[in-house]
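So you can see what is in the structure, the chains are spelled out below.
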Amino acid sequence: MAESKKRLLTYAGLKALEDELEDLKVVKRKEVAAKIKEAREQGDLSENAEYDAAKDEQRDIEARIEELEGILKNAEVVVEDEVDFDKINVGCTVKVYDITYDEEVEFKIVGSTEANSLEGKISNESPVGQALLGKQAGETVTVETQAGNIEYKVLEISRSK
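Bear in mind the structure is a predicted one, so any value in this text is a computation, not a measurement. (Residues numbered from 1 in each chain as written. Predicted model: local features only at pLDDT ≥ 70, side-chain atom pairs only at ≥ 80, totals over all residues. Heavy atoms only, no water.)

S.K.: Can you explain the pairing of strand β6 (residues 140-145)? Please cite residues and give values.
M.R.: On a regular strand, one side chain projects to one face of the sheet and the next to the other, so that they alternate. Taken together, the six bridges between β6 and strand β7 (residues 148-159) define a ladder with antiparallel strand orientation. Looking at the pairing, Glu144 lines up with Asn149 of β7. Following β6, the chain reverses through two residues before pairing antiparallel with β7. (Pairing = 2+ DSSP bridges. Helix = DSSP H or I, 4+ residues; strand = E, 2+ residues; numbered from the N terminus.)

S.K.: Let's hear about the side chain of Asn124: which residues, and what values?
M.R.: You can see Asn124 is positioned in the loop between β5 (121-123) and α3 (127-132). Excluding anything up to four places from it in sequence, Asn124 contacts Leu8, Val90, Ile109, Val110, Gly111, Ser112, Gly129, Gln130 and Leu133. (Contact = heavy atoms within 4.5 Å.)

S.K.: A description of the sheet that holds strand β3 (residues 92-98) should follow, citing residues and the corresponding values.
M.R.: The strand order β5-β4-β3-β7-β6 describes an open sheet built from five strands, whose pairing is mixed. Across the chains shown, the open sheet's two edge strands, defined by having one partner strand only, are β5 and β6. The average undirected angle you get between the axes of adjacent strands in this sheet is 45°. One ladder, built from seven bridges, connects β3 with β7; its direction is antiparallel. Considered in β7, the bridge of Cys92 is made with Arg159. (Axes fitted to C-alpha atoms, helices over the stretch in contact; angles between N-to-C directions.)

S.K.: How would you sum up the pairing of β3? Please name residues and give values.
M.R.: Counting buried positions along β3 gives five out of seven residues, so the element sits mostly inside the fold. Once β3 ends, the chain turns through four residues before running back antiparallel as strand β4 (residues 103-110), passing Asp102 with a positive phi of about 55°. (Buried < 20%, exposed > 50% of the residue type's maximum accessible area, 1.4 Å probe, protein only.)

S.K.: Go over the environment of Gly129, please, and point to the residues and values.
M.R.: Relative to the elements of secondary structure, Gly129 occurs in helix α3. Given the relative accessible area of 0%, Gly129 is considered buried. Here the alpha-carbon distance between Gly129 and Leu155, two residues 26 residues apart in the chain, equals 15 Å. Those residues in contact with Gly129, other than ones at most four positions away along the chain, are Ile122, Ser123 and Asn124.

S.K.: Which residues make up the environment of Glu31, and what are the values?
M.R.: The residue Glu31 is located in helix α1 (residues 11-40) in this model. Considering only alpha carbons, one finds Glu31 and Gln58, 27 residues apart in sequence, at a separation of 9.4 Å.

S.K.: For unusual backbone geometry, give the residues involved together with the corresponding values.
M.R.: Positive phi is not limited to glycine here, since Asp102 has a value of about 55°. Residue Asp102 is classed as exposed on the basis of its relative accessible area of 56%.

S.K.: So, the packing of aromatic side chains: which residues are in play, and what are the values?
M.R.: Throughout the structure, instances matching the rule amount to one aromatic pair. Residues Phe107 and Tyr152 carry aromatic rings whose centres are separated by 5.9 Å and whose planes lie at 90° to one another, so their mutual orientation is edge-to-face. Of this pair, Phe107 sits in strand β4 while Tyr152 sits in strand β7, placing them 45 residues apart in sequence. Overall, the relative accessible area of 11% leaves Phe107 in the buried class. Judged by relative accessible area, which is 6%, Tyr152 ranks as buried. (Phe/Tyr/Trp six-rings, centres within 6.5 Å; stacked < 30°, edge-to-face > 60°.)

S.K.: Kindly report on the UniProt feature "coiled-coil region" (unreviewed entry) in the chain, identifying the contributing residues and their values.
M.R.: Here, UniProt's "coiled-coil region" (unreviewed entry) annotation points to residues 14-78. Along residues 14-78, the helical share is 80% and the strand share 6%, with 10 Å between the first and last C-alpha atoms. (UniProt positions renumbered as here; feature names shortened; annotations may be inferred.)

S.K.: Explain the pattern of salt bridges to me, and be specific about the residues and the numbers.
M.R.: Where charged atoms of side chains with opposite charge meet at close range, the side chains can pair. Tallied over the full model, the rule gives ten salt bridges. Between Lys25 and Glu69 there is a salt bridge whose closest N-O contact spans 2.7 Å. Of this pair, Lys25 sits in helix α1 while Glu69 sits in helix α2 (residues 49-73), and the two are 44 residues apart along the sequence. Overall, Lys25 belongs to the partly exposed group, its relative accessible area being 33%. Overlapping salt bridges, with partners in common, bring together Glu20, Arg64 and Glu67 in one network. (Salt bridge = Lys/Arg side-chain N within 4 Å of Asp/Glu carboxyl O.)

In structure tokens:
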């Protein structure tokens, strides 16, 4: 049975997933159908690499559509206008001072579906995200990571940009 836990999403994350789903259903499905039709017209399907590739692509698209529909069905949108910025919560941008590495870092706390460390978006379920949730500006937290313990001092909590 599919996992049915609630997936926290910001409004921007929800919109991105809805847009991707729409693109897959409306554009990509038609493109793949055309590729399959074109490959079929070439004759013998048993040795037709284009046909096999198109069928593989079709299977991947359908799997992603099913995955996105599952996420969206269980999505719980964090209304960022209602987030309390006195404490760190999903939908906040947090500026922290990394005591261990002597640098300032900024994180956006998002649901696990939206997490992307390259964009500074960390999951509320990650070790850092979990340690920061509920903290206030001025508080210090220690996070146990694979690289050892890291200490952060919360400098500022703001609305996500």
